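Structure assessment
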Amino acid sequence: MDVLFDGFVDAVELLLSGDEDSWTIIALTLRVSLTATAIALLVGLPLGAIVALARFPGRRVLLAAANTGMGMPPVVVGLFVTVLLWRSGPLGGLGLLYTPTAMIVAQAAIATPVVIALVAAALQQVDPDFRVQMQALGANRVRAFAALLGEARLPLFAGTMAAFGAVVSEVGAAQMVGGNLVGQTRVLTTAAVLATSRGQFSLAIAFGLILLLIAFGVNLSLTLVQQQRAVPR
Amino acid sequence: MDVLFDGFVDAVELLLSGDEDSWTIIALTLRVSLTATAIALLVGLPLGAIVALARFPGRRVLLAAANTGMGMPPVVVGLFVTVLLWRSGPLGGLGLLYTPTAMIVAQAAIATPVVIALVAAALQQVDPDFRVQMQALGANRVRAFAALLGEARLPLFAGTMAAFGAVVSEVGAAQMVGGNLVGQTRVLTTAAVLATSRGQFSLAIAFGLILLLIAFGVNLSLTLVQQQRAVPR
Amino acid sequence: GTAPSAGGPSASASAASAAPAEKSLILATTTSTQDSGLLDELLPVFTRESGWQVKTVAVGSGQAIELGRRGEADALLVHSPEAEEKFVAEGSAGARRLVMHNDFVLLGPKADPAGVRGTSSADAMKKIANAEAVFVSRGDESGTHAKEKGLWSQAGVTPGGSWYQSTGQGMGATLRVAGEKAGYTLSDRATYLTQRDSLELEVLSEGDPGLLNVYHVIEMTQKAGGRVRADGAKAFADWMVAPATQRLIGEFGRAKFGQPLFTPDAGKDEAKLGE
Amino acid sequence: MRAGDRELLSVPELDVASGRTLAVLGPNGAGKSTLLRALGLLSSHRVSGVILLDGRPATRPLMRHAITAVLQRPILRRGTVAANVISGLRFRGMSRREARLRAWPWMEALGLVPFADRDIRSLSIGEAQRVSITRALAVGPKVLLLDEPFTGLDSTTRADLIADLRAALSGQPTATILVTHDRQEALALAEDTALLIGGRIRQHGPTTEVLDHPSDADTARLLGYTNLLPPALTGRTHPLVARPEHTHLILDPSDGPAGQRDDDVRPVPGTLRRTVALGIATRVDVDTAGGPLTCLHPGDLPGTSLPPVGGDVRVRVRQARALAGVDGNGWTAGLGSRPSAS
Amino acid sequence: MRAGDRELLSVPELDVASGRTLAVLGPNGAGKSTLLRALGLLSSHRVSGVILLDGRPATRPLMRHAITAVLQRPILRRGTVAANVISGLRFRGMSRREARLRAWPWMEALGLVPFADRDIRSLSIGEAQRVSITRALAVGPKVLLLDEPFTGLDSTTRADLIADLRAALSGQPTATILVTHDRQEALALAEDTALLIGGRIRQHGPTTEVLDHPSDADTARLLGYTNLLPPALTGRTHPLVARPEHTHLILDPSDGPAGQRDDDVRPVPGTLRRTVALGIATRVDVDTAGGPLTCLHPGDLPGTSLPPVGGDVRVRVRQARALAGVDGNGWTAGLGSRPSAS
Ligand SMILES: Nc1ncnc2c1ncn2[C@@H]1O[C@H](COP(=O)(O)OP(=O)(O)OP(=O)(O)O)[C@@H](O)[C@H]1O
Ligand SMILES: Nc1ncnc2c1ncn2[C@@H]1O[C@H](COP(=O)(O)OP(=O)(O)OP(=O)(O)O)[C@@H](O)[C@H]1O
Ligand SMILES: [Mg+2]
Ligand SMILES: [Mg+2]
């Protein structure tokens, strides 16, 4: 158990020491995860909305696919992306493998189905007449949709947090497409894995604790936004 | 790209060959993930309901904690559980490390916050008068709650699928507490990782495809249940 | 604990200016070189001296060689001689040069149920098999795994049964499994030394000439793929066998463990190692 | 207009001139709300046909600009009352300040001023309904669609609002469609009335005429002429309909043909099924050879003056109206089955 | 009873005997629904005080067994109409078959039989309201709580349902509390009536008495006596109240003191604010020294016979009732501000 305690001490030390390396890692973790979540939202929100609101054949299949996508193993996503980005692969020319960009791509791919599925669930839960009433007040499609998002913002935030949680805690894809390069693509999870495989367990736990701290910070900010009035007076 | 195609061929072969190993792996994957999801539901459903419905100080903090828990890195969870189960650890006497039971424990720990957060979001979205009306018809607490669950079953199923997706696709904790022992604790994700580290990329992709197939199957079953009438005539 | 990387400011500073099209090469190496911290020590120096960025992909030897074969890596630093030779024979690889070695040790619980303490490695393997004492194998086609399979065949045993367990993971994880299961296992000395403190395993058999763990650097050529940076590969391989680098390797770990983790071997005759 | 393979609504033609109000009356499930949504191009059902706006076929953007609707349930956005009330104007691109100014008189009229900053989740349902109405009226649209807007309002507010609305609409170029169950509302607000039953418009014309001249059994029932007297019972050529208020038991045996007026029908014999004391009135249900009749007697009928349940009675019907061309079938079935207290 | 630090409701005592019906009348936001929930122990607000059931303090399980409530909005479970209708009985442990049998007569009474297997999501709102009522009535509880149950029903259904309900309740040991905005409903169904305004019960007694004898300005307004005549205007010692129907402009100058009855008040001078033609009636708003008055003239007033807006008029008030001890303040404010068309 002392490992856990040591981990706590280590975490405090890492944060206080102002060790440039750990700050680089933290910054990269935030950059990659937040960007990936943002991209996933950008892609997943419209798709989730379409699945939830539009009527077309194959809607259910798409929803089931999104739900399945939530179970897509990051390692496999990582492998897919790696194969695409290989020098011999179709996108090899971009030279993106082992860069933060590649990690963002992979993590966005992991988070998108989560966003789609949870956005769809969130929007379907709102009174179906809500959009009608908004349009009946003169809202065009965009405004009615914005109002709908405002209405469903509680579960939408929960979905966003789930997506962020999925990417920030993920290691398989980050490791595979990022390569865990010091100062370039090392994030908290891959650092924790490395520490573990070096037998530095308390260091690994320290990284984990820092990760939780970051996740909590992000969630707190989101929760604060969530509690704000959507319709200002 | 041929790797992807080869992976597809390999997946079909693995499934058709009736290779005992791959079936053992598939069975274990299902057993561990489903059990972990079930445990997470068992623990997370009441907790999520309490967070959503009860009024007590610190409710919001709990919700934020659950949301944070969704971002808990599996590697760290794995490490926590490992440290607990070490022979020198407090639960070492149980000899659970490197058994499927240990994997179930770790994965349930990963899935529980997901369940709590999404259950809370799902239940908060139902008309707050719904429970009142059920009680006003003579439903006792349990029945009113059951009716509420029936009412919110769409997002509840989405939450369950998210939880299942989180555990079935997870590799960090499975690897760490399970040890990826052949025939004992090797599941599809850890098998995919091993195949990757052996350079057998198409085999890794094959495992990933099988995993997706399983996830799709489980989701399909859930979707079918979801589409059933909750209130039979 | 210690910080995960000794990379220092140079690594992160140059990272900022790194553009993929510039002088940047991919090194596929085994986990042991990274887990031991050796590369964290060496690479910043190389980058400073040569201007080449190195992207280290720490993977199993099997994956490393596969990456080389597909032209996805420019240089390999691996320790699986038989597989390497086969791979070089395929023709896409360039020069393969000896860099360093350390040795494998046979580890086991203090109680030593199979009674292998002090025996030669082949004998030890036989005893373990006869006693059906738990043996934990990496099973990941790594150099260590290859060496272990070699030992089994020397001992004339085909391992199997519930006492023979395969983790399919890296050395660190495998050591921990062995520790927890109070089993025997084969490990490279460097990894063992770095994790010794948290393990309840002891060195039971060591020093066999057959237990050498030899690392080679392999340059890849454009034959493996059009985008291979053969120039970078050559620069890296040349630098690895340069005297100054060899000195650094020889010093690595002495301060922390009281003994060096690797023995520099550049230019030596491979057949005469360990004598 | 169809949902799945059910035809919900089939309306060949319906028009409302700007400045005029059309009331749509119909029983529950007649398709009133469906019609309203279809007219506002707000429906997600399959609609075939065209909606003309100012004589031109309406597109969704045009329509969106022209209409405001108060749906049957008050559907509000999370937030404050004030934010909700101005949202119609905000959707039309008005600044917050201007929108508040425009909405203010209506907020005053509906008594919402003290609620301006209240969270809508804490409103009573009547209060929510007021917000919903205010939000629509504040826009001052070309076409106003009102789906039972006054349900849930207390009677004083309702009376005042009807007057305010009438005053506000008269002289404005607003075409209003008002769905309601209340004939008084139709009379007070609408120049024209359409009767919608089973998805079809049965009658359409000036309100006073439509409300007083049912053309068939269904519209009669809708308009409160719930008693149907088939020709067999009355000896007339057409079936007659009458309101329960004008249908009475003949209690005094001597109260025979005396005082019979022109439009009166000869007394109808039947058996008493039940009596229900309704405070100011007593309802007596009678089964006759031609189907059940409902009598409504003002005041409390003393139990002694009534024959026992199952006893023979005679019913006098006054102010009956003749229906042209109707068969009483569906009708009788519609009234036939009431539970005899469970 | 409080929400946050607002006092929502303060009711010292209220009782309903079994077999009797109490109507609760009040303006929007008076706290009627809050009261109903508090009585059923269904509230999530802080409630202080006790609810007695059969003379003993009610616990939640006891109460749950005794009551059924129809909330103001129909809140149905996903599923079919039939499943919803029997759910009250199912919650009480009845088998599905038995529950269907018990519920059937009510389903027939409310015309739900053709809907039995329809998904509730496809119902019209009036149909949903019927389901909600049927579900509660099918249970046949000791205490029946009805929150504006008849809103949204078409008038024929409503009239029939009122009779059915009355018939079903009389002779049964059910105590019923009916929240409504409609005085007719209260008269038809309830022996007793309580007037709730601003969270307080202002009057409570036999329905006919309560509805016709307002005790103060607020209850008068609630009961339709919307015209308040302060003593200064009439010369009487007490303020008077009158219904708009009994308040008329004096149009014919010669129409002076003649035909004045005992309860008549001397004509009140004022200025005409607006006239609103309401089809069958014309509403005239007049500002007097004592506050605004509303006149309701039957039929269409020809514009020529009316003075112009702002002109001087005299108003005759008939059937006015005296209020004991009231100051007209809040009152005048309550009526004062109507928008003059936006
Ligand atoms: N949580 C709350 N905080 C503040 N005020 C509240 C809260 N809940 C209800 N109210 C207020 O309490 C009052 C009573 O509400 P209630 O729903 O009982 O009214 P009601 O008499 O049923 O009105 P209606 O006729 O509109 O149904 C309303 O003014 C409402 O706005
Ligand atoms: N998706 C659907 N499938 C089948 N029937 C439907 C569907 N949607 C609506 N209906 C039916 O269409 C009819 C018309 O519904 P609508 O809401 O227009 O009634 P309404 O006249 O407004 O009634 P109310 O007075 O109760 O508001 C109802 O009988 C309803 O059950
Ligand atoms: Mg409707
Ligand atoms: Mg209410």
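Residues numbered from 1 in each chain as written. Chains lettered and ligands numbered in written order. Predicted model: local features only at pLDDT ≥ 70, side-chain atom pairs only at ≥ 80, totals over all residues. Heavy atoms only, no water.

1. Structural notes on the overall build of chain D
Looking only at helices and strands, chain D features twelve helices and 18 strands. Looking at chain D as a whole, 56% of its 342 residues are labelled buried. Considering only contacts within chain D whose residues lie at least 6 apart along the sequence, 65% involve residues at least 24 apart. Surface accessibility of chain D: about 14,000 Å² in total, with carbon and sulfur atoms responsible for 52%. (Helix = DSSP H or I, 4+ residues; strand = E, 2+ residues; numbered from the N terminus. Buried < 20%, exposed > 50% of the residue type's maximum accessible area, 1.4 Å probe, protein only. Contact = heavy atoms within 4.5 Å. Areas by Shrake-Rupley, 256 points an atom, 1.4 Å probe, with all protein chains shown as cover.)

2. Let's talk about a nonpolar patch on the surface
All names here are of chain A. On the surface, a cluster of nonpolar side chains totalling about 510 Å² of accessible area is made up of Phe5, Phe8, Val9, Val12 and Leu16. Considering the arrangement of structural elements, one finds valine 12 in helix 1 (residues 2-17). Judged by its relative accessible area of 36%, valine 12 falls in the partly exposed class. (Patch = residues over 30% accessible without salt bridge, like charges linked within 9 Å, V, L, I, M, F, W, Y side chains within 5 Å. Salt bridge = Lys/Arg side-chain N within 4 Å of Asp/Glu carboxyl O.)

3. Describing unusual backbone geometry
The general pattern is negative phi for most residues beyond glycine and trans for most peptide bonds. Its identity as a non-glycine residue notwithstanding, alanine 182 of chain C has a phi of 50°, on the positive side. Assessed through its relative accessible area of 29%, alanine 182 of chain C is described here as partly exposed. Of note, the phi angle at leucine 41 of chain E is positive, near 55°, even though the residue is not glycine. Mapped onto the fold, leucine 41 of chain E is located in the loop between helix 1 (32-39) and strand 4 (52-53).

4. Describing the coordination of the magnesium ion (ligand 3)
Each pair of donors in an ideal octahedron of six around a metal sits at 90 or 180 degrees, and each pair in an ideal tetrahedron of four sits at 109.5 degrees. Residue and element names in this part refer to chain D. Protein ligation of the magnesium ion (ligand 3) involves Ser33 (OG) and Gln72 (OE1), the donor distances falling in the range 1.8 to 2.2 Å. You can see serine 33 sitting in helix 1 (residues 32-39) and its partner glutamine 72 sitting in the loop between strand 6 (67-70) and helix 3 (81-85), a full 39 residues away along the chain. We note that serine 33, like glutamine 72, is buried. (Donors = N, O, S within 2.8 Å, 3.2 Å for Na, K, Ca; no water.)

5. Overview of the relation of the copies chain E and chain D
Rotating chain E by 180° about the axis while translating it 0.0 Å along that axis superimposes it on chain D, leaving an RMSD of 0.0 Å. In symmetry terms, the pair is related by a two-fold rotation axis. Minimal C-alpha distance to the rotation axis in chain E is attained by threonine 151 of chain E, lying at 3.1 Å. A shared interface surface links the copies, since 100% of the contact residues of chain E are contact residues in chain D too. (Least-squares fit on C-alpha atoms with pLDDT ≥ 70 in both.)

6. Things to note about the UniProt feature "transmembrane region" (unreviewed entry) in chain A
Following the UniProt record, one finds the feature "transmembrane region" (unreviewed entry) at residues 23-54, 61-86, 98-123, 144-168 and 203-225 of chain A. Secondary structure across residues 144-168 of chain A divides into 96% helix and 0% strand, with the first and last C-alpha atoms of the span separated by 32 Å. (UniProt positions renumbered as here; feature names shortened; annotations may be inferred.)

7. A look at the interface of chain E and chain D
The interface of chain E with chain D comprises 54 residues on the first partner and 54 residues on the second. Remark: the boundary between chain E and chain D carries six salt bridges. When the shortest N-O distance is used, the salt bridge between aspartate 160 of chain D and arginine 283 of chain E registers 3.2 Å. Where chain E touches chain D, the interface holds 16 residue pairs in polar contact (both at pLDDT 80 or more). Of all the secondary structure elements, the ones that give two or more residues to the side of chain E that touches chain D are helix 5 (96-109), helix 6 (125-139), helix 7 (155-169), helix 8 (183-189), helix 10 (217-222) and strand 14 (268-278) of chain E. It is helix 7 of chain E that provides the largest number of residues to the side of chain E that touches chain D, a total of ten residues. (Polar contact = N/O pair within 3.5 Å; in protein donor to acceptor, adjacent residues only side chain to side chain.)

8. A few points about the nonpolar core
By size, the foremost hydrophobic cluster in this structure holds 226 residues, and its most contacted members are Phe236 and Phe262 of chain C. With 17 residues, the top contributor of residues to this core is helix 5 (residues 100-124) of chain B. When neighbours within four sequence positions are excluded, phenylalanine 236 of chain C is seen to be in contact with Leu25, Leu27, Leu43, Phe46, Ala75 and Val217 of chain C. (Core = buried A, V, L, I, M, F, W, Y, C linked by side-chain atoms within 4.5 Å.)

9. Thoughts on the site of ligand 1
Taken together, 22 residues are adjacent to ligand 1, and Arg118, Ser124 and Gly126 of chain D together with Ser33 and Thr34 of chain E come closest. More than one chain lines the surroundings of ligand 1; the residues nearby belong to chains D and E. A distance of 2.7 Å separates an oxygen atom of ligand 1 from a polar backbone atom of glycine 126 of chain D. Contact distances for ligand 1 include 3.0 Å between an oxygen atom and a side-chain N or O atom of asparagine 28 of chain E. For ligand 1, the accessible surface in isolation is 650 Å², of which the surrounding protein chains cover 88%. Looking at the shell around ligand 1, the elements with two or more residues in it are helix 6 (125-139) of chain D together with helix 1 of chain E. Its residues assigned to classes, the shell around ligand 1 comprises six nonpolar, eleven polar and five charged. (Near = heavy atom within 4 Å. Nonpolar A, V, L, I, M, F, W, Y, C, P; charged D, E, K, R; others polar.)

10. Quick word on the sheet that holds strand 18 (residues 321-322) of chain E
Residues and elements named next belong to chain E. Across the sheet, which stays open at both edges, the three strands sit in the order 11-12-18 with antiparallel pairing between neighbours. A strand with exactly one partner marks an edge of an open sheet, and here the two such strands are strand 11 (227-229) and strand 18. Bridging between strand 11 and strand 12 (residues 240-242) involves three bridges; their strand directions are antiparallel. Bridge assignment links asparagine 227 to a residue of strand 12, and that residue is alanine 242. (Pairing = 2+ DSSP bridges.)

11. Brief notes about helix 8 (residues 171-181) of chain C
All names here are of chain C. The buried fraction of helix 8 is high, at ten of eleven residues. Buried within helix 8 we find Met171, Gly172, Ala173, Thr174, Leu175, Arg176, Val177, Ala178, Gly179 and Glu180. Immediately beyond the C-terminal end of helix 8, within one or two residues, lies alanine 182, with a positive phi of roughly 50°.

12. Here's the deal with the interface of chain D and chain A
Between chain D and chain A, the contact holds 27 residues from the first and 24 residues from the second. Contact between chain D and chain A buries roughly 2,500 Å² in total, counting both sides, with carbon and sulfur atoms accounting for 54%. For the chain D face of the interface with chain A, the top three residues by lost area are Arg64, Arg78 and Phe91 of chain D, together amounting to 30%. Counting across the interface, chain D meets chain A through three salt bridges. Of the charged contacts, one joins aspartate 127 of chain A and arginine 73 of chain D as a salt bridge, the two residues approaching to 2.9 Å between their closest N and O atoms. The interface formed by chain D and chain A includes ten residue pairs in polar contact (both at pLDDT 80 or more). Those elements that place two or more of their residues in the side of chain D that touches chain A are helix 2 (60-66), strand 6, helix 4 (87-91) and helix 6 of chain D. Per-class residue counts for the side of chain D that touches chain A are ten nonpolar, six polar and eleven charged. (Buried area = accessible area lost by both parts, 1.4 Å probe.)

13. So, the site of ligand 2
Neighbouring residues of ligand 2: 22 residues in total, closest Ser33 and Thr34 of chain D together with Arg118, Ser124 and Gly126 of chain E. Surrounding ligand 2 are residues belonging to chains D and E, so the site spans chains. For ligand 2, an oxygen atom lies 2.6 Å from a polar atom in the backbone of glycine 126 of chain E. A distance of 2.7 Å separates an oxygen atom of ligand 2 from a polar side-chain atom of glutamate 127 of chain E. Compared with its free state, where it exposes 650 Å², ligand 2 has 88% of that area covered by protein. Elements with a contribution of two residues or more to the shell around ligand 2: helix 1 of chain D together with helix 6 of chain E. Of the residues assigned to the shell around ligand 2, the class counts are six nonpolar, eleven polar and five charged.

14. Considerations on the confidence of the model for chain D
Residues and elements named next belong to chain D. Scored by pLDDT, chain D comes out at a mean of 82, with 86% of its residues at no less than 70. Here residues 325-342 is modelled with pLDDT under 50, and outside its nearest four sequence neighbours on either side it reaches 33 contacts, counting other chains as well. This prediction of the complex comes with two scores: 0.82 for pTM and 0.80 for ipTM. (pLDDT = per-residue confidence, 0-100.)

15. A closer look at the pattern of salt bridges
If you walk through the whole model with that rule in mind, you get 55 salt bridges over all chains. As a salt-bridge pair, aspartate 160 of chain D and arginine 221 of chain E come within 3.9 Å of each other at their nearest N and O atoms. Here arginine 221 of chain E lies in helix 10 and aspartate 160 of chain D lies in helix 7 (residues 155-169), a pairing that spans two chains. With respect to class, aspartate 160 of chain D is no different from arginine 221 of chain E; both count as buried.

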